[in-house]
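# A closer look at the structure
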Amino acid sequence: MAHTVGYAPGVYDLFHVGHLNILRHARSQCDYLVAGVVSDEMAQLAKGRAPVVPLIERLEIVRSIRFVDAAFVETVPDKLETWQQVRFDRIFKGDDWRGTGKGAKLESDFRTVGVEVVYFPYTVHTSSTQLRRALDTLSAPAQQPASVTQAVSLPAPGTISP
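A short tour of the structure in this document, coming up. Note on numbering: residues in each chain are counted from 1, in written sequence order. Per-residue local features of the predicted model are confined to residues with pLDDT of at least 70, and side-chain atom pairs are confined, for both listing and counting, to 80 or more; whole-chain, interface and lining totals are unaffected and use all residues. In computing side-chain properties, one takes all heavy atoms of the structure into account and sets aside hydrogens as well as water.

## Digging into the pairing of strand S1 (residues 5-10)
- In terms of residue burial, S1 counts as a mostly covered element, since 6 of its 6 residues are buried.
- Whether two strands pair depends on DSSP finding at least two bridges between them. Only DSSP runs of H or I covering at least 4 residues are called helices, and only runs of E covering at least 2 are called strands; the numbering of each starts at the N terminus. When S1 meets strand S2 (residues 32-38), the two strands line up parallel, connected through 6 bridges. Paired with Gly-6 across the bridge in S2 is Leu-33.
- Between the parallel pair S1 and S2, the chain is carried across by helix H1 (residues 17-27), and the sense of this crossover is right-handed. Only protein chains enter the area calculation, which uses a 1.4 Å probe; residues under 20% of their type maximum are buried, those over 50% are exposed, and those in between are partly exposed. Looking down the strands as they point away from the viewer, one classifies a crossover as right-handed if the path from the first strand across the helix to the second runs clockwise.

So, in structure tokens, the structure goes:
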């Protein structure tokens, strides 16, 4: 019987239900699931900002999820290079990649080595980007209301009539 190895890459920053859904669905589609946790440097390169949660903590969180059999630190941007190290049969992505240039490249690259690209529904109501925006808003210094200064003209002494 064939043993199917799945690979679910992600930054997994500010771990939320969308991440859990991807890992749960991925595990149901393979016999052995490897979660690829993107390094801080690769996240910075891909998203233009470093993760909030450090790599070692993200790795520990993902490694502790019951659907994950192994966690792998992804340190290169080329998924085929990662495949050479991990040797998976299926790669799982959120369906926000489907029909995009990135998704088409992923499918084309993996077709050459016989890896199936499987898309899962993207959890629209929750994302690390949304959580990060909320945290940024909460941690931003409070806006001080602009002080209203009003020049008051007082009449010259002795000019007020009784």
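## Considerations on the packing of helix H4 (residues 79-86) against helix H5 (residues 101-111)
- At a minimum axis distance of 10 Å, the contact between H4 and H5 shows a crossing angle of 40 degrees. Regarding the angle of H4 to H5, the classification is oblique. Crossing handedness for the pair H4 and H5: right-handed. Contact residues: H4 offers Lys-79, Leu-80 and Trp-83, while H5 offers Leu-106, Asp-109 and Phe-110.
- Residue polarity follows a fixed list, in which Ala, Val, Leu, Ile, Met, Phe, Trp, Tyr, Cys and Pro are nonpolar, Asp, Glu, Lys and Arg are charged, and the others, Gly among them, are polar. When grouped by side-chain class, the residues that make up the contact of H4 with H5 number 4 nonpolar, no polar and 2 charged. Note on geometry: axes are lines fitted to C-alpha atoms, helical ones only across the stretch in contact, with angles between N-to-C directions running from 0 to 180 degrees. In what follows, roughly perpendicular refers to angles from 65 to 115 degrees, roughly parallel to angles under 35, roughly antiparallel to angles over 145, and oblique to any angle outside these ranges. Left-handed describes a crossing whose near helix is turned anticlockwise from the far helix through less than a right angle; right-handed describes the clockwise counterpart. In what follows, a contact means two residues having at least one pair of non-hydrogen atoms within 4.5 Å.

## Considerations on the side chain of Glu-74
- Checked against the element boundaries, Glu-74 lands in strand S3 (residues 70-74).
- Once you skip the residues sitting within four places of it in the chain, Glu-74 turns out to touch Tyr-7, Pro-9, Gly-36, Val-37, Val-38, Ser-39, Met-42, Lys-79 and Thr-82.

## Here we look at the nonpolar core
- The criterion is simple. A nonpolar core is a set of buried Ala, Val, Leu, Ile, Met, Phe, Trp, Tyr and Cys residues joined through side-chain atoms within 4.5 Å. By size, the foremost hydrophobic cluster in this structure holds 19 residues, and its most contacted members are Ala-8, Tyr-12, Leu-23, Leu-33, Val-68 and Phe-92.
- In this structure Phe-92 touches Gly-6, Tyr-7, Ala-8, Pro-9, Ala-26, Gln-29, Cys-30, Leu-33, Val-118 and Phe-120, once residues within four positions along its chain are discounted.
- Listed in part, the 15 residues of the second largest apolar core include Val-5, Tyr-7, Val-86 and Val-115.

## Some remarks on the pattern of salt bridges
- Any Lys or Arg side-chain nitrogen located within 4 Å of an Asp or Glu carboxyl oxygen qualifies as a salt bridge. Taken as a whole and assessed by the stated rule, the structure comprises 5 salt bridges.
- Among the ionic pairs, Asp-40 bridges to Arg-58, the shortest N-O distance being 2.5 Å. On the criterion of sequence distance, the pair formed by Asp-40 in helix H2 (residues 40-47) and Arg-58 in helix H3 (residues 55-63) is long-range, its members being 18 residues apart.
- Look at Arg-58 and you get buried, because its relative accessible area is 0%.

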